[in-house]
Amino acid sequence: MKMKTIQNEHYKKLCSAIASYCSEEEAANCFAAMKDASYDDENKTSVYEFDPDMEVLKLDDFSQILGAAHHKVIKSKYPDERGLQQHTPSAVDAVCIDENNNWYLIEFKNQKIDSKVLGSVKKKMLGSLWLLFHTYSLSGNGMDDITKFAREKVTYILVCSRAKNRSDAMLIHQKEEKGEHYTPNSLYGYIDYYFKDVYVYTEAELRSFIAKFR
């Protein structure tokens, strides 16, 4: 099946913002299929391996580029300092924007979702928001009120392996059957505070999300 591409003006604006900061080759490498964005280097497998597939921004890859560029600037600004360390913002695996300008930040976890994993997820939540809005401001597309925008337009989706999260997968399915989403208790506090919504999918729900995405 042919991979879906996102053609709406809002996503294209984000792509332009990324391209304005990178070389042409770097920018091209920041976009890939959802399957590639879900790849687990440690276990050499992708969390999402279904069709349909869809092109997304690999925000964690862009974070590496921005971190390296910033480090170069800092070294030139402080040439006499030794041992300067590169700061790379924590970022999610994938970002997509629909035709109604709803932003989706997607993080993949090919492991059991426990308190330790959820702790790392929280770090990526805020790092990703900062990275996206910082990049927008660098490209001359800054927003007047980014916190308001995030609460109204940005959703965070954690996609976990169904095989490794059987009990959570059942809760997710039950919620989706009722037209609702499953949110772990420790993540409820981020809804209407940092994000419009925060919830968990397995690869099966993500497949449906991609199929309906416009």
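What you see is a predicted model, and the numbers here were worked out from it, not measured in a lab.

The next point concerns the pairing of strand β6 (residues 103-109). Counted residue by residue, β6 has seven buried out of seven residues, so it is predominantly covered. Bridge count between strand β5 (residues 94-97) and β6: four bridges; the pairing is antiparallel. Opposite Ala94, over in β6, you have Ile106 as the bridge partner. The hairpin turn running from β5 into β6, its antiparallel successor, is five residues long, and Asn101 in that turn takes a positive phi close to 65°. For β6 and strand β7 (residues 154-160), the ladder comprises seven bridges, and the chain directions are parallel.

Right, let's get into the packing of aromatic side chains. Taken as a whole, this structure holds 15 aromatic pairs when the rule is applied. With a centroid separation of 6.1 Å and 85° between ring planes, the pair formed by Phe133 and Phe149 is classed as edge-to-face. With a gap of 16 residues between them, Phe133 in helix α5 (residues 115-138) and Phe149 in helix α6 (residues 146-153) connect regions that are remote in the sequence. By the burial criterion, Phe133 is buried, and Phe149 matches it. One aromatic cluster is present, formed by Tyr104, Tyr199, Tyr201, Phe209 and Phe213 through successive ring pairs.

What follows covers the side chain of Glu107. Relative to the elements of secondary structure, Glu107 occurs in strand β6. Polar side-chain contacts of Glu107 include one of 3.2 Å to the backbone nitrogen of Asp93.

This part takes up the pattern of salt bridges. Pairing between side chains of opposite charge can happen when the charged atoms of each approach one another. Applying the stated rule across the entire model yields six salt bridges. Here Lys148 and Glu152 are joined by a salt bridge, their closest N and O atoms 3.0 Å apart. In this pair, Lys148 and Glu152 both sit in helix α6, four residues apart, roughly one turn of the helix. Residue Glu180 pairs with Lys175 through a salt bridge whose shortest N-O separation is 3.5 Å. Of the residues examined, Lys175 reaches a relative accessible area of 26% and is grouped as partly exposed. Each of the salt bridges in this network shares a partner with another, and the network as a whole consists of Glu107, Lys109 and Lys124.

Thresholds, definitions, all that
Residues numbered from 1 in each chain as written. Predicted model: local features only at pLDDT ≥ 70, side-chain atom pairs only at ≥ 80, totals over all residues. Heavy atoms only, no water. Buried < 20%, exposed > 50% of the residue type's maximum accessible area, 1.4 Å probe, protein only. Helix = DSSP H or I, 4+ residues; strand = E, 2+ residues; numbered from the N terminus. Pairing = 2+ DSSP bridges. Phe/Tyr/Trp six-rings, centres within 6.5 Å; stacked < 30°, edge-to-face > 60°. Polar contact = N/O pair within 3.5 Å; in protein donor to acceptor, adjacent residues only side chain to side chain. Salt bridge = Lys/Arg side-chain N within 4 Å of Asp/Glu carboxyl O.

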